[in-house]
Amino acid sequence: MRLRKFRFHLVPQGGASSQKPAHPVSQSSALRIILTLLVLSSAQTQSQSPTGIEGVITVSPIRPGPIRAGSDVPTAVPLPNAVFTIGNEKGMVTSFTTDSEGRFRISLKPGHYAIVLAEERFPRPCGPFDVDVVSGKMTKVEWRCDTGMR
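Let me sum up the structure you'll find in this document.

Cut-offs and rules
Residues numbered from 1 in each chain as written. Predicted model: local features only at pLDDT ≥ 70, side-chain atom pairs only at ≥ 80, totals over all residues. Heavy atoms only, no water. Helix = DSSP H or I, 4+ residues; strand = E, 2+ residues; numbered from the N terminus. Contact = heavy atoms within 4.5 Å. Core = buried A, V, L, I, M, F, W, Y, C linked by side-chain atoms within 4.5 Å. Buried < 20%, exposed > 50% of the residue type's maximum accessible area, 1.4 Å probe, protein only.

## Notes on the environment of L117
For step 1, the next point in the chain: With respect to the helices, strands and loops of the structure, L117 is situated in strand 8 (residues 111–117).
For step 2, the next point in the chain: For the pair L117 and F96, spaced 21 residues apart in sequence, the C-alpha to C-alpha distance is 9.8 Å.
For step 3, the next point in the chain: Not counting residues within four places of it along the chain, the set of residues in contact with L117 comprises A82, V83, F84, F122 and C126.

Below, the structure is given as structure tokens:
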């Protein structure tokens, strides 16, 4: 690969000048500027990557009694419009509400969290669900709450 030699010149504000440029930029200086811009752009893109958790929360069983093997009847359904709290070793951090299909997505700082259903919908507690959040990554989860039906 053959490198071409480029020379950059600063032009006074207002357009082209017939005078010789006062400050030519050397090839090595231009290369350093370009590399610096690339590194800064890459770092900014990485820091803007979403960090947190996303997933779906379901409940089961949805009806009492045994279910025959191979049955088309679902044993679990999404948990809609449920409020969950998120805590860590320092206490409660925030909360979120699932959508109509039991899905959620929330941004969190990297760390270890415990998620618990904030309301009493079932005879058994829903959670805690432990999760580790890693920087620059949305951690995908699928959690199930027990309705207590038997």
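Additional details are given in the paragraphs that follow.
## Section: the nonpolar core
Looking at soluble globular proteins, one finds that nonpolar side chains tend to be buried together.
For step 1, the next point in the chain: In this structure, I53, F84, I115, W143 and C145 are the most contacted members of the largest nonpolar core, which totals 22 residues.
For step 2, the next point in the chain: Listing elements by their share of this core, those giving two or more residues are strand 3 (52–60), strand 5 (83–88), strand 7 (103–107), strand 8, strand 9 (129–133) and strand 10 (138–146).
For step 3, the next point in the chain: Not counting residues up to four positions away in its chain, the partners in contact with C145 are I57, T58, V59, S60, L79, F84, F122, C126 and F129.

## A look at unusual backbone geometry
For step 1, the next point in the chain: The amide bond that connects S60 to the next residue, P61, takes the cis arrangement and shows omega of -10°.
For step 2, the next point in the chain: Checked against the element boundaries, P61 lands in the loop between strand 3 and strand 4 (77–78).
For step 3, the next point in the chain: Here the residue pair G127 and P128 is connected by a cis peptide bond, since its omega of 5° sits within 30 degrees of zero.
For step 4, the next point in the chain: Within the fold, P128 resides in the loop between strand 8 and strand 9.
For step 5, the next point in the chain: The backbone of N81 sits at a positive phi, close to 50°, despite the residue not being glycine.
For step 6, the next point in the chain: Residue position: N81 is located in the loop between strand 4 and strand 5.
For step 7, the next point in the chain: Overall, the relative accessible area of 48% leaves N81 in the partly exposed class.

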